[in-house]
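A structural walkthrough
As a plain string of letters, each chain reads:
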Amino acid sequence: MTLTNEQVEHVALLARLGLSDEERERMREQLSSILDHIDQLRAADTSNVAPTAQVIPLAPALRDDVVAPSLTVEQVLANAPRTEGGFIKVRAILD
Amino acid sequence: MSSSTKTAPTSVAGTEYEAVIGLEVHAQLLTRSKMFCGCSAEYFAAPPNTHVCPVCLGLPGVLPTINRAAVEAATMTGLALGCAIAPVNKFDRKNYFYPDLPKGYQISQYDLPLALGGEITFTLAGVEHRAGITRVHMEEDTGKNMHASDPATGEGYSLVDLNRAGVPLMEIVGEPDLRSPQEAGAYLTAMRQILRYIGVSTGNMEEGAFRCDANVSLRPVGSAAFGAKVEIKNMNSFRAVERALAYEVERQRAILDAGGTIAQETRGWNEDQGRTLAQRTKEEANDYRYFPEPDLPPLTMDPAWVGAIGARMAELPATRRARFASQYGLREDDARTLTESRAVADYFEAALGDSATTERARLTANWILATLFARVSAETIGTSPLTPGRLRGLLDLLEGGKINRTVAQQVFDELFDSPDEDAAAIVARKGLGLVGDDGAIRGAVGQAIAANAQAVADFLGGKTAARGRLVGATMKALGGRADAALVNRILDEELAKGRRG
C-alpha cells in the first residue's frame, strides 16, 4: 500500500508536525511499509481469537473516591510560557 | 468525508417531512475526586488551576487510576436506562490538540463502552413515548477556556483553567427516535430526572454539569432512510435545545422545499441571534485516531458488583409514580407532581409515615401541593422548617378531629415560624383546640340567632344563603375553633325550632 502525499500531509497536520518535502517523502515511504506490514498481519485468520485490547492479563486497580492534595498553582503553571491571574494564557481560541 | 450513501432527499415544495432527532447527553458524575486522579472534582467556583496534579496535567510518566465511584455511577445510569452492562469494556484515547486538553488526548470509551442498548420513557402532552438508548460510556471532562482581549492592543487571547480537566463525565447516546423539538425537550427532562433520582449527577445545565448535542435530519414522511444529518452544539439550556431544534428543522425544510440538499455538518446554536451557524469543521471520527488506552487494562464488570449497584439504586421516577397511584390511591396527576422531584416524593412518604390510608395519603398530598408549595419549592423542601414529621403531627390533629381546617391553616403558619414547636404544642399554647362541646356551640348558635334577626328572617323567608351569615357569626363567637359539622347540625336544629315557633 502506497500512501499519497496528501495522506501524509493530513496525518502530519493531525499531529501538528511541519514536514519538509524531503521529510514528507521519507515518512511516506516508511508509513507505507508499516501499513504493508499491517496488511500482512491482517491476512492471518483470527476468527477464533478473542479481540485483545491488551496482552497483560490484569484487571485495573480501582481507586476509592477520596480527594488527594493537588499541586500548588505555582507548580501547575511552572511550565506554562504565559500566565495571567492563575490561568494559562494562550493564543485566542476560535470556537 | 461524508458518506456518499447518505444523500439528502431532494424534493419540491409540498412534500411532507418528518424530523429525525437523536440526542447525545454529557453528564458530569457526582464524585468527590476526578476520574483518573485524586484531585477534587468540585471545580465550580474554585480559584483557577488549584485542582490540578501531574496526572490531569498530563505530565510524562504518570499513570491514570480509575475512580470506582465514577464507574458505579455510570453503571447505575446504564441500569436505570435498561442497558446491558458490558462484562468487559475498555478505555481508549481520543487524540486531538486543544488548549483545554493538556494530555493531547481524552480518555474515553470507543468501541467497547460500559453499557449498551437501553430505553427511556417520557410523557409529552399526556402521551407516553419511548426512545432507545444506544450506549452509555465513561470519559473525562476537558478544562475550561475563557476569552479576553488586551485593553491596550485589542488583541484577543484565551485563558485556560484545568480544574475541570479530568472530572468524570458520561456520555449517553440516544437513538434517532425523536420526531419533534418538543419530544427532545421531554426526553431531556426525563433523562435529567432519572440522573437526579439515582443521585449520579446534579443535572445542572447552566453550570455545565449536564450538556446536550443533537443530530437532526429530515426525511419524507413514510421513508425509512435517513437524510443527511446536521449536528447541533452549544445549546446551554432546555429552552435553547427546543429553540435550536425548531430553528434547524425549519432551516432544513426550507432548503429541501427549494430543491436543495442538506450539507452534513456541525452547526452551533447562537442564542442571541436565535439561529444555528455552520461551525469550523473539526476532526472526523477517524481523525481522532482512537486506540486502546495502554495505561488501563480492560475493565471487567463482576456480575455480583453490578448486581449490588442495581440493588442500591433508588426507585426510579416512573416506578415511584405508579406506586404512589396504586399503593396510596393518589390521583394520577398528584402522583406525577409529587414524584417530579425525588426530594418532594421523599418528603411525602416521610410525612405519611405509617399512616398510609388512602384518605390520609390524599390529605397529605393536598397539604403538600396546595399549602406547603405556597411556601417552598422542590429545591427548598428538603430544608423546610416544616419537617415531614411536624406536618404529620399537624395532619394527625386535623384527621383526628382535634382541630378544624381553619385552625390547621393557622397552625401550619405557626409551624413555619416556630421551628422548635410541634403542632400539638402550638394548639395547646394558643388554645386552638376544637370546640366540640355541644352546650358551648348551642349557646353560641343561640347568640348568633338572637343578634342576626334579619338573617334569620331572610333564611326562614327562603333565602338559604343567609344561613352562611349565621354559621359565620357562630364560628366567630367560638374563635373559629368549632367543629364545623357540629355547628351546622345545631344551627339547623335551632332554626327548625324558630320555623316551628
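Here is what the cut-offs are and how they apply
Residues numbered from 1 in each chain as written. Chains lettered and ligands numbered in written order. Predicted model: local features only at pLDDT ≥ 70, side-chain atom pairs only at ≥ 80, totals over all residues. Heavy atoms only, no water. Pairing = 2+ DSSP bridges. Helix = DSSP H or I, 4+ residues; strand = E, 2+ residues; numbered from the N terminus. Polar contact = N/O pair within 3.5 Å; in protein donor to acceptor, adjacent residues only side chain to side chain. Contact = heavy atoms within 4.5 Å. Phe/Tyr/Trp six-rings, centres within 6.5 Å; stacked < 30°, edge-to-face > 60°. Buried < 20%, exposed > 50% of the residue type's maximum accessible area, 1.4 Å probe, protein only. Axes fitted to C-alpha atoms, helices over the stretch in contact; angles between N-to-C directions. Parallel < 35°, antiparallel > 145°, perpendicular 65-115°, else oblique. Left-handed = near helix turned anticlockwise from the far one by under 90°. Nonpolar A, V, L, I, M, F, W, Y, C, P; charged D, E, K, R; others polar. Salt bridge = Lys/Arg side-chain N within 4 Å of Asp/Glu carboxyl O. Domains from an automatic or database assignment. Buried area = accessible area lost by both parts, 1.4 Å probe. pLDDT = per-residue confidence, 0-100.

Looking now at the sheet that holds strand β4 (residues 92-95) of chain B. Residue and element names in this part refer to chain B. Within the open sheet, the three strands sit side by side as β5-β4-β15. Their pairing is antiparallel. The open sheet terminates on both sides in strands that have one partner only, identified here as β5 (105-108) and β15 (291-292). Bridge count between β4 and β15: two bridges; the pairing is antiparallel. Note that in β15 the partner of D92 across the bridge is P292.

Residues and elements named next belong to chain B. Counting through the fold element by element, E72 comes out in helix α2 (residues 68-80). Of the polar contacts made by the side chain of E72, one reaches the side chain of R312; its length is 2.8 Å. Contacts of E72, omitting those with residues within four sequence positions, involve W305, I309 and R312.

To continue, consider the packing of aromatic side chains. Residue and element names in this part refer to chain B. In total, this model carries 13 aromatic pairs over all chains according to the counting rule given. With centroids separated by 6.4 Å and ring planes inclined at 75 degrees, the aromatic side chains of Y43 and F44 adopt a geometry described as edge-to-face. By relative accessible area, which is 8% here, Y43 ends up buried. Their ring planes at 50 degrees and their centres at 5.0 Å tell us that F324 and F348 sit as a pair that is tilted. Remark: F348 occurs in helix α8 (residues 342-352) and F324 occurs in helix α6 (residues 317-328); sequence separation between them is 24 residues.

Moving on, we get to the packing of α8(B) against helix α9 (residues 358-371) of chain B. All names here are of chain B. Interaxial distance between α8 and α9 falls to 10 Å at its minimum, and their mutual angle equals 130 degrees. In terms of orientation, α8 and α9 fall into the oblique class. Helix-helix and strand crossings are classified by hand; for α8 and α9 the assignment is right-handed. Within the contact between the two elements, α8 uses Y347, F348, A351 and L352 and α9 uses R360, A361, T364, A365 and I368. Here the contact of α8 with α9 is composed, by residue class, of seven nonpolar, one polar and one charged.

So, on to the interface of chain A and chain B. With 35 residues of chain A in contact, the opposing surface of chain B contributes 51 residues. Applying the counting rule to chain A against chain B returns one salt bridge. As a salt-bridge pair, R68(B) and D64(A) come within 2.3 Å of each other at their nearest N and O atoms. Viewed at the interface, chain B and chain A are joined by 18 residue pairs in polar contact (both at pLDDT 80 or more). For the side of chain A that touches chain B, the secondary-structure elements that each account for two or more residues are α1 (5-14), α3 (73-77) and β2 (87-91) of chain A. In terms of residue count, β2(A) provides more of the side of chain A that touches chain B than any other element does, five residues in total. Residues of the side of chain A that touches chain B, tallied by class, amount to 21 nonpolar, six polar and eight charged.

In this section: the sheet that holds strand β13 (residues 266-270) of chain B. What holds strands together in a sheet is hydrogen bonding between their backbones, with the strands either parallel or antiparallel. All names here are of chain B. A sheet is described by the order of its strands in space; here nine strands give the open sequence β2-β6-β7-β10-β1-β11-β12-β13-β14, paired in mixed fashion. Every interior strand has two partners, whereas the edge strands, β2 (84-85) and β14 (275-278), have only one. By the bridge criterion, 11 bridges tie strand β1 (residues 17-28) to strand β11 (residues 210-220) in an arrangement that is antiparallel. Bridge pairing in β11 links Y17 to P220. With respect to the sheet, α2 is in contact with β2, β6 (115-124), β7 (127-140) and β10 (168-174), its orientation differing from that of β7 by roughly 160 degrees. Across the face of the sheet, helix α4 (residues 238-257) comes into contact with β1, β11, β12 (230-235), β13 and β14 while running at roughly 25 degrees to β11.

Let's shift gears to the packing of helix α11 (residues 405-417) of chain B against helix α12 (residues 423-430) of chain B. All names here are of chain B. Direction vectors running N to C along α11 and α12 enclose 110 degrees, while the axes themselves pass 10 Å from each other. One element, α11, and the other, α12, form an angle in the roughly perpendicular class. Considering how the two elements wind past one another, α11 and α12 form a crossing that is right-handed. Side by side, α11 and α12 meet where V411, E414 and L415 of the first sit next to A423, I426, V427, R429 and K430 of the second. Of the residues belonging to the contact of α11 with α12, the class tally is five nonpolar, no polar and three charged.

Residue and element names in this part refer to chain B. Per the domain assignment, the segments of chain B are domain 1 (10-298), domain 2 (315-379), domain 3 (385-433) and domain 4 (438-500). Distance between the C-alpha centres of domain 2 and domain 3: 20 Å. Opposite the 17 residues of domain 2 that make contact, domain 3 presents 17 residues. Between domain 2 and domain 3, a total of about 1500 Å² is buried, with carbon and sulfur atoms accounting for 63% of that surface. Looking at the side of domain 2 facing domain 3, the largest losses of area belong to R360, W367 and R375, adding up to 48% of the total buried there. Where domain 2 touches domain 3, the interface holds three salt bridges. Notably, a salt bridge pairs E399 with R360, separated by 2.8 Å at the nearest N-O pair. At the surface where domain 2 touches domain 3, the tally comes to six residue pairs in polar contact (both at pLDDT 80 or more). The set of elements that each furnish at least two residues to the side of domain 2 that touches domain 3 consists of α8 and α9. Class assignment of the residues belonging to the side of domain 2 that touches domain 3 gives a composition of nine nonpolar, five polar and three charged.

With that out of the way, let us pick up the confidence of the model for chain A. For chain A, per-residue confidence averages 90 on the pLDDT scale, and 97% of positions sit at 70 or higher. Across chain A, the secondary-structure element scoring lowest on mean pLDDT is α1(A), at 91, and the one scoring highest is α3(A), at 97.

All names here are of chain B. Notably, A125 is not glycine yet its phi reads approximately 50 degrees, a positive angle. Its location among the elements puts A125 in the loop between β6 and β7. Not every positive phi belongs to a glycine, and R289 is a case in point at roughly 45 degrees. With respect to the element layout, R289 can be found in the loop between β14 and β15.

Moving on: the environment of L3(A). Residues and elements named next belong to chain A. Structurally, L3 can be placed in the segment before α1. Spatially, the C-alpha atoms of L3 and E25 are 10.0 Å apart, while their sequence positions differ by 22 residues. Sequence-distant contacts of L3, defined by excluding residues within four places in its chain, comprise V8, R28, L31, S32 and L35.

Turning our attention to the pairing of strand β8 (residues 144-149) of chain B. All names here are of chain B. Pairing of β8 with strand β9 (residues 156-161) involves six bridges; the strand directions are antiparallel. Bridging across to β9, S149 finds its partner in G156. What sits between the antiparallel neighbours β8 and β9 is a turn of six residues, in which G154 has the positive phi angle 80 degrees.

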